Amino acid sequence: MIPSAFDYVAPETLDDAVRALADAGDDAKIIAGGQSLTPVLRLRMNDPSVVIDLGRIPALRGVRDDGDALVIGAMTTHHDILHEPLVREHALLIAEATATIADPQIRHRGTFGGSLAHADPAGDLLASALALGAEMTIAGPNGRRQVAAAEFFEDLFTTSLQPDEILVDIRVPKHSGWTAHYEKFNRTAQAWSIVAVAAAVRVDGGAIAEARVALTNMASVPVRARGVEEALVGRAADAATIRDAAERAAEGTSPAVDGNADADFRSHLARVLTSRAVTAAAGV
Amino acid sequence: MRITVDVDGTRYSDEVEPRMLLVHYLRDQLGKVGTVSGCDTSNCGACTVHLDGRSVKSCSVLAVQADGHEVTTVEGLAQDGTLHPVQEAFHECHALQCGYCTPGMIMQSIDLLEENPDPDEQQVREGLEGNLCRCTGYQNIVKAVQSAAGTMREGSAPQAGGAR
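Once that is clear, we can look at unusual backbone geometry. Residues other than glycine seldom take positive phi values, yet N217 of chain A does so here, at roughly 65°. With respect to the helices and strands, N217 of chain A occurs in the loop between β13 (207-216) and β14 (223-224). Of note in the backbone geometry, S42 of chain B takes a positive phi value of approximately 65° without being a glycine. Considering the arrangement of structural elements, one finds S42 of chain B in the loop between α1 (22-29) and β3 (48-51). A relative accessible area of 10% means that S42 of chain B is categorised as buried.

The following block contains the structure:
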């Protein structure tokens, strides 16, 4: 299939990109790595009149240490994130989730910011961004603003990004000394999560001192499993604690029903995968 | 829109529509039909080429995104009539049945071996997870990649650092 015709703009600075977006009107689409958008264009599920490519703006790429946080440029590829020691050291959960995305070719092109802005409920990075309390920096015609991950994801494929705004970078508070695991259930031929669980814990003296757990594809947006977190914190890092905590994984979720799973099965998966994810994260 | 792309060591400059996919540019405009289009949905990896030395699925890249960059296809691997060690290994191990996935498998295998010159079987399978062989002929493909890895390690052993 061949996409519908569109005009193409490849600005070289963020300011130019914001201007190009404003000039293009409501019918423009931003292309980051293009690993979701290009298939969508080919299937003609979307036919923008203008495509604005962020691929020629070097300032949007890379990971930098900003004291108590890492700042990840929105156009940093999954591959670059996997090869960035800073991410492994201070935001291990993101590295673990990134490693499960699609395949090497797609990880070479796909970007951290593109995945978050696309907001596919089966996307693997959303839950990790939420669990670690990431904050999005967004640029628009009126300057910049910050939005917490908890407010950023609004609905299926919908974020708080306005049509004239661009995701610039993602500020991830450092979770140094935390251990993490991303446990995913998917069809082998399709790496999209049917359900997945992002878990990060800080174990201190055999007990779970802090825990962050978030779920992929258990609602139209990623959700924190707060019941699980409550049931973990302050207790011994052992199998009994994790088993009991994981029972609460589906609390407050609203899983979709589709060809892959019904709601009951998704809830079951959430409990089982939470148990596995926390077990692996805590090294039990 | 005019683009300039280095493909297999030759510089091309062409007028293309922004919606043209890289795979169609390679095949229809440049006649590089060694790169095939398989699934149309970025699943199968048959269209894998290297863009600035990294494997990508050319059905999921616009030709205009390759402007100013370097593309290597399966047709650019052989040097002076000598097959690339991975091509040679696919031949020796009979790592194909119908052959449709082969160009993509070879391109991804080369990328994999650049990241990991000595992969075990599991690592080969994971490295090729974005490439589907609908004949299910994976066994010999894995063998070929490991055989090529051995050849390439031997070839690079005398050089410090093992750069290829």
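Glancing now at the domain arrangement of chain B. Residues and elements named next belong to chain B. For chain B, the assigned domains are domain 1 (2-76) and domain 2 (85-153). Placing a centre on the C-alpha atoms of domain 1 and another on those of domain 2 gives a separation of 21 Å. The interface of domain 1 with domain 2 comprises 18 residues on the first partner and 14 residues on the second. Taken together, both faces of the contact between domain 1 and domain 2 bury some 1200 Å²; the carbon and sulfur share is 52%. On the domain 1 side of the contact with domain 2, H50, R54 and V74 bury the most area, a combined 36% of that side's loss. At the junction of domain 1 and domain 2, the tally comes to two salt bridges. In this assembly, domain 1 and domain 2 are joined by 10 residue pairs in polar contact (both at pLDDT 80 or more). When grouped by side-chain class, the residues that make up the side of domain 1 that touches domain 2 number five nonpolar, 11 polar and two charged.

Turning to the packing of aromatic side chains, a few remarks are in order. Residues and elements named next belong to chain A. Per the counting criterion, the structure on display carries two aromatic pairs over all chains. On the basis of an interplanar angle of 90° and a centroid distance of 6.1 Å, the ring pair of F185 and F265 is categorised as edge-to-face. Of this pair, F185 sits in strand β11 (residues 179-185) while F265 sits in helix α12 (residues 263-282); the two residues are 80 residues apart in sequence, bridging distant segments of the chain. Relative accessible area serves as the criterion here: at 32%, F185 is assigned to the partly exposed category. For F265, a relative accessible area of 33% translates into the label partly exposed.

Time to look at the interface of chain A and chain B. Contact with chain A, which involves 29 residues of that partner, is made by 33 residues of chain B. A buried area of about 2500 Å², summed over both sides, lies between chain A and chain B, and 52% of it is on carbon and sulfur atoms. The largest per-residue losses of area from chain A upon contact with chain B belong to R42, Q105 and R109 of chain A, which jointly make up 26% of the total buried on that side. At the junction of chain A and chain B, the tally comes to two salt bridges. Between D103 of chain A and K57 of chain B there is a salt bridge, with its nearest N and O atoms 2.6 Å apart. At the junction of chain A with chain B, the criterion picks out 14 residue pairs in polar contact (both at pLDDT 80 or more). For the side of chain A that touches chain B, the secondary structure elements donating two or more residues are α2 (37-42) and α6 (104-109) of chain A. Partitioned by chemical class, the residues of the side of chain A that touches chain B number 13 nonpolar, nine polar and seven charged.

Once that is clear, we can look at the nonpolar core. All names here are of chain A. Grouped together as the largest cluster of nonpolar side chains are 43 residues, with contacts concentrated most on I94, L116, M136, F152, F153, L167 and I170. No other element matches the six residues that helix α8 (residues 125-131) contributes to this core. When residues of this core are assigned to domains, at least three map to each of domain 2 (60-173) and domain 3 (179-282). In terms of nonpolar packing, the next biggest core, distinct from the first, is built from 29 residues, L215, V223, L269 and A281 among them.

Here is what the cut-offs are and how they apply
For every chain, the first residue of the written sequence is number 1, and numbering continues from 1 onward in sequence order. Chain letters and ligand numbers both follow the written order, the letters beginning at A and the numbers at 1. Local features are withheld for residues below a pLDDT of 70 in this predicted model, meaning they are given only at 70 or higher, and side-chain atom pairs are given and counted only at 80 or more; totals for whole chains, interfaces and linings count all residues. The basis for the side-chain values is all heavy atoms of the structure; hydrogens and waters are excluded. Runs of E in the DSSP output that reach at least two residues are strands. Runs of H or I that reach at least four are helices, and both are numbered from the N terminus. Only protein chains enter the area calculation, which uses a 1.4 Å probe; residues under 20% of their type maximum are buried, those over 50% are exposed, and those in between are partly exposed. Boundary definitions for the domains trace back to an automatic or database domain assignment. In what follows, residue pairs with any heavy atoms lying within 4.5 Å of each other are defined as contacts. Once two parts are put together, the accessible area they lose, assessed with a 1.4 Å probe and summed over both, is termed the buried area. Each salt bridge in this description consists of a side-chain nitrogen of Lys or Arg and a carboxyl oxygen of Asp or Glu lying within 4 Å of one another. A 3.5 Å cut-off defines polar contacts: any pair of N or O atoms within that distance qualifies, except that in protein one atom must be a possible hydrogen donor and the other a possible acceptor, and neighbouring residues in sequence count only when both atoms are side-chain atoms. Residue classes follow a fixed rule: Ala, Val, Leu, Ile, Met, Phe, Trp, Tyr, Cys and Pro count as nonpolar, while Asp, Glu, Lys and Arg count as charged, and any other residue, Gly among them, counts as polar. Only Phe, Tyr and Trp rings are paired, with Trp represented by its six-membered ring, and only when their centres lie within 6.5 Å; those with planes under 30 degrees apart are stacked, over 60 edge-to-face, the remainder tilted. Put simply, a nonpolar core is a bunch of buried Ala, Val, Leu, Ile, Met, Phe, Trp, Tyr and Cys residues held in one set by side-chain atoms that sit within 4.5 Å of each other.

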